[in-house]
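# Geometric and topological summary
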Amino acid sequence: MKNGDRWAALFSRTEDLDRWEAWARRVDDKIHSFLELEPTRTLEEQPVVDGPLRGTPFGVKDNIAVRPFRLSCGSRLLSSFVSPYTATAVARLQGAGAVPVGKTNLDEFGMGSSTQLSAFAETCNPWDATRVPGGSSGGSAAAVAAGLVPFALGSDTGGSVRQPAAFCGVYGFKPTYGSVSRYGLVAYASSLETIGVIAKEVSWIRRIFPVIRGLDPRDHSTVEYRPREARESKGRPLTVGILKLGDSGGDAARLSPEVRAGWGKALEALPALGFRLTEVELPTLDYVVSAYYVIACAEASANLARFDGVRYGERAPEADNPEELVRLSRSRGLGEEVKLRILLGTYVLRSGFQDQYYLRAQRIRTALRRDFERIFAEVDLILLPVYPCAAFKRGDETMDPFTQKLSDVYTSLANMAGLPAMSFPVSIESGLPVGMQFMAPPFAEELLFEACGRYEEHYPAPDSPLFSRDWRA
Amino acid sequence: MERDELNITAQLARLEVSEADARRFEAAVAQMLEYFSKMRELAVDGLAATTQLVEENRTRPDEPEGFGGADELLANAPEREERFIVIPNVL
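Residues numbered from 1 in each chain as written. Chains lettered and ligands numbered in written order. Predicted model: local features only at pLDDT ≥ 70, side-chain atom pairs only at ≥ 80, totals over all residues.

## Observations concerning the environment of leucine 53 of chain A
Residues and elements named next belong to chain A. Defined as follows: Numbering of helices and strands starts at the N terminus; helices are DSSP runs of H or I of at least 4 residues and strands are runs of E of at least 2. For the exposure call, what matters is how many other C-beta atoms sit within 10 Å of a residue's own: 20 or more marks it buried, 12 or fewer exposed, and in between partly exposed, using C-beta atoms placed from the backbone. The contact criterion used here is simple: two residues whose C-beta atoms, placed from the backbone, lie within 7 Å are in contact.
Within the fold, leucine 53 resides in the loop between β1 (34-37) and β2 (57-61). We classify leucine 53 as buried; it has 26 C-beta atoms within 10 Å. Separated by 38 residues in the primary sequence, leucine 53 and alanine 91 have C-alpha atoms spaced 13 Å apart. Non-local contacts of leucine 53, meaning those with residues more than four positions away in its chain, are made with Leu93, Ala96, Gly97, Ala98 and Val211.

Written out as structure tokens, the structure is:
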């Protein structure tokens, strides 16, 4: 059966829809990837239209608006908020015939790497329910790896699409900054984040990206998509810069034995797949996490100021005055990690501290971009790990919030520089999927698809134990 | 971070921080700020700050457009009297 056919018929054949839905609910009871799964909810206002994705179901991370689903962002503060509008990326997919069937779980407002920081549910990894699916788009990655949907949207601020995809053994694609509209994505760190795609086959991402990208009058940071010209003609081997892994990046960047094994396998496989390898160095690697968190928290403190319990959201009913109403509503509605980031962001933006933190972080961002410009003058792609370890245990205390932040060292690079990147599965180690990522120059998404596609021929994404092609297991 | 600094920051962030919260946040914020201090090692003098990634300036016609979801927006209000959102007394 051709890729996509079994999905395309879903909404036109009731018996298929019923069988799929019953199976999906059964599987999701084990992994809790969806906060809401209501396959036909959008159809009353938006019937399935003809198009290249006709009848294809997809999941949407619950910080991306889909009318008339809720838009909780995984936060108690927005637990009852119903979205009156739909994000541009979702609307474009609907315009191509696809159907958003539900909202997937996430770390509150996208702040986390495990999906344990959702106010509503703890999503489990389809490979091992005692482990996290990664995050913050952990619900989307788990749903795709379990085969509930062929693809799902996530958001990637510092790795939140690529890391959960790697933890769940599927593909995670973060496009060039500005290529996909953020209209309808609840803002966390506006200069860093993009909407991204998670899928079990490269071909889905290849099909989805042209549908969702492009200029949007509702998001002034979008740009007209102009694919980058290949450095040379087609057919020649692609040159891949292998990130030199030394002591840089600190202890937290050191790869676990499982990830190191996967890294070794990728390096071994690439030359035979037509890639020419060369080593590259990134002198700014040591500083990326600090600069990233300064910028992300600063932007978060401004973006999340809107959640005040006045016009929408959970409100503290006993407040005596508006000032108290805002303070109490925020304090009760927001989780610990979100408050920590707001406090940090507020602090680094306070007068007297700005030069030391925010301005310096923005200058490091410039230094990092220059590093990449230098590297991409010599190579087509960069290969680097996604995360220092594979999916960790739920409740693992050695992976505390601080360690999780330091572990963003490899993924946050692409967000800081605005570059496209894609994680892809390379092996199973000790029963868990391990992924690596390619990074490319701006608007060179085609190179990412080409490279991940070549690797997919050598090593297709493995089926998780819950995966079923006929929705019967 | 001193407790006073934390309290000022919380006030600016419009967050209520209890005594127990303050102890936890103090430690967590201090840990991050210490980590941020690593940025001092890198010489960045003379480098411009990256404030945004899309540098082209874009405009669009300033034309009104219907939203179509006003009732749904209002339905999200925590407390309402007809089409007005109720808040505690300002004065």
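## Some remarks on the sheet that holds strand β9 (residues 381-385) of chain A
All names here are of chain A. Convention followed: The pairing criterion is simple: DSSP has to find at least two bridges between the two strands. Here the axes come from fitting lines to C-alpha atoms, over the contacting stretch only for helices, and the angles between their N-to-C directions go from 0 to 180 degrees.
Spatial strand order, β1-β3-β2-β4-β6-β5-β10-β11-β9-β7-β8: 11 strands in an open sheet with mixed pairing. The sheet is open, and its two edges are formed by β1 and β8 (275-280), each paired on a single side. Geometrically, the sheet is characterised by an average inter-axis angle of 30° between neighbouring strands, direction not taken into account. With three bridges joining them, β2 and strand β4 (residues 151-156) adopt parallel strand pairing. Paired with valine 60 across the bridge in β4 is leucine 153. Against the sheet, helix α14 (residues 445-458) engages β5 (171-174), β7 (238-243), β9, β10 (421-429) and β11 (432-439), with an angle of about 15° to β10.

## Digging into the confidence of the model for chain B
To keep it simple, the criterion reads: Residue-level confidence of the predictor, termed pLDDT, takes values from 0 up to 100.
Looking at chain B as a whole, the pLDDT averages 91, with 100% of positions reaching at least 70. Taken together, the chains of this predicted complex give a pTM of 0.97 and an interface ipTM of 0.96.

## Observations concerning helix α6 (residues 202-212) of chain A
Turn by turn, an α-helix covers 3.6 residues, leaving residues three or four places apart pointing in a common direction. Residues and elements named next belong to chain A. Taken residue by residue, α6 has Val202, Trp204, Ile205, Arg207, Ile208, Phe209 and Ile212 as its buried positions. Contact partners of the buried residues in α6: α3 (88-95), β4, β5, β6 (194-199) and α14. Positioned one or two residues after α6, glycine 214 has a phi angle of 115°, which is positive.

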